[in-house]
Amino acid sequence: MAGNRGRKRFVASTAALAALLPVAGCGMPGSDDGVPRPDHVVVVIEENHGYDDIIGSAQAPYINELARQGASLSQFYALTHPSQPNYLALFSGSAHEIRGDDCPNTLTSRNLASELLQADLTFTGYAQSMPGVGFTGCADGPYVRRHNPWVNFTNVPASANRPWTDFPHDFKDLPTISFVVPDLDNNMHDDGVRKADTWLRDNLGDYARWATTHNSLLVVTWSEDAGGVQATNRVPTVLVGEQVRPGRYAQPNNLFGLLRTLLDAYDLNPLANSADADPLDVWKDDV
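Just so it is clear, the structure is predicted and the values come from calculations on it, not from any experiment.

A.B. asks: Run through the confidence of the model for the chain, naming residues and quoting values.
C.D. replies: Per-residue pLDDT for the chain averages 91, and the proportion of residues at 70 or more is 88%. This stretch, residues 1-19, has a pLDDT under 50; its non-local contacts, to residues over four places away or in other chains, come to 50 contacts. Under a pLDDT of 50 for its full length, residues 21-30 has, in the predicted model, 28 contacts with residues more than four places off or in other chains.

Shown next, in the form of structure tokens:
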């Protein structure tokens, strides 16, 4: 099953590389784009595996369970390689001319967190193995800053940059939108698919179940595929929540479209290249 109500403005994967260059640049259920307003959104970002590596794989039983329970996007694309520009694009709509994994970076532009905060909403990024609140180092054990986009922006308060251990046990205490970045041992980068799949189940399985009855949303996506000559950067993306219409969705989209969806949900203005992307169309008809 696939929705097709969105505007036909998808930026194809090849053209999206050029769109990584910087450009100049409030929510109700049933917005102009039909995007509902969840009470909470948690976005988990995994690493370095394409769609066919994960969907249907016996190494990822929990993620495939989520894909059957929710919306599974079969034509969803990351934008480039390596990882860091993709994280920045998802968080702010641009890679800001950053094309590698260099660290540190200092950025001042608008981004998802700054827009939420300006609208009296909330954002927190939770990074596994980060040693403390507001940490700005480039690495610490299996934590790497290149997978943590929010730390690069001067308009995101240090208090919003938190270790995974601060993730609330009572999900009602979650901010409006959270990003969760597992560390290199648990994001499929270093230790493989099955370990990361188990980490996701053990650490966010309760939230996934809770979201389906509490007007909330879990998004699991990937920063990039494994690369290589034949790679297309088609990555899995799965959404689970009370307002999600289960099914397999084949309309093309990318990380800019996911950012556009998050912004539209709360009536926030598009950021940079997300203005030219369609929001995801995976919602129940009554939102």
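A.B. asks: How would you explain the sheet that holds strand E9 (residues 216-222) if you had to name every residue and give the values?
C.D. replies: Pairing is mixed across the open sheet formed by eight strands, whose spatial order is E7-E4-E8-E1-E9-E10-E2-E11. Edge positions in the sheet fall to strand E7 (161-163) and strand E11 (247-249), since each has one partner strand and no second. Ignoring which end each strand starts from, the neighbouring axes of this sheet average 20° apart. With three bridges joining them, strand E4 (residues 123-127) and E7 adopt parallel strand pairing. Counted as the bridge partner of Tyr-126 is Arg-162 from E7. Strands strand E2 (71-73), E9 and strand E10 (237-241) of the sheet are contacted by helix H3 (residues 61-69), whose axis makes an angle of about 60° with E10.

A.B. asks: Let's hear about the pairing of E9: which residues, and what values?
C.D. replies: Burial runs high along E9: seven of the seven residues are buried. Of the two faces of E9, the one carrying Ser-216, Leu-218, Val-220 and Trp-222 and the one carrying Leu-217, Val-219 and Thr-221 are both buried. Sheet analysis places strand E1 (residues 40-46) next to E9, joined by seven bridges and oriented parallel. Among the inter-strand pairings, Val-41 is bridged to a residue of E9, identified as Leu-217. Two strands pair when backbone bridges link them, and E9 and E10 are joined in this way by four bridges, in the antiparallel orientation. Looking at the pairing, Leu-217 lines up with Gly-241 of E10.

A.B. asks: Could you give an account of the pattern of salt bridges, with specific residues and numbers?
C.D. replies: In the structure shown here, the tally under the stated rule is 10 salt bridges. The salt bridge involving Asp-52 is made with Arg-234; its shortest N-O contact spans 3.3 Å. Taken together, the residues Asp-52 in helix H2 (residues 51-54) and Arg-234 in the loop between E9 and E10 connect sequence positions 182 residues apart. For Asp-52, a relative accessible area of 60% corresponds to the exposed category.

Rules of the game
Residues numbered from 1 in each chain as written. Predicted model: local features only at pLDDT ≥ 70, side-chain atom pairs only at ≥ 80, totals over all residues. Heavy atoms only, no water. pLDDT = per-residue confidence, 0-100. Contact = heavy atoms within 4.5 Å. Pairing = 2+ DSSP bridges. Helix = DSSP H or I, 4+ residues; strand = E, 2+ residues; numbered from the N terminus. Axes fitted to C-alpha atoms, helices over the stretch in contact; angles between N-to-C directions. Buried < 20%, exposed > 50% of the residue type's maximum accessible area, 1.4 Å probe, protein only. Salt bridge = Lys/Arg side-chain N within 4 Å of Asp/Glu carboxyl O.

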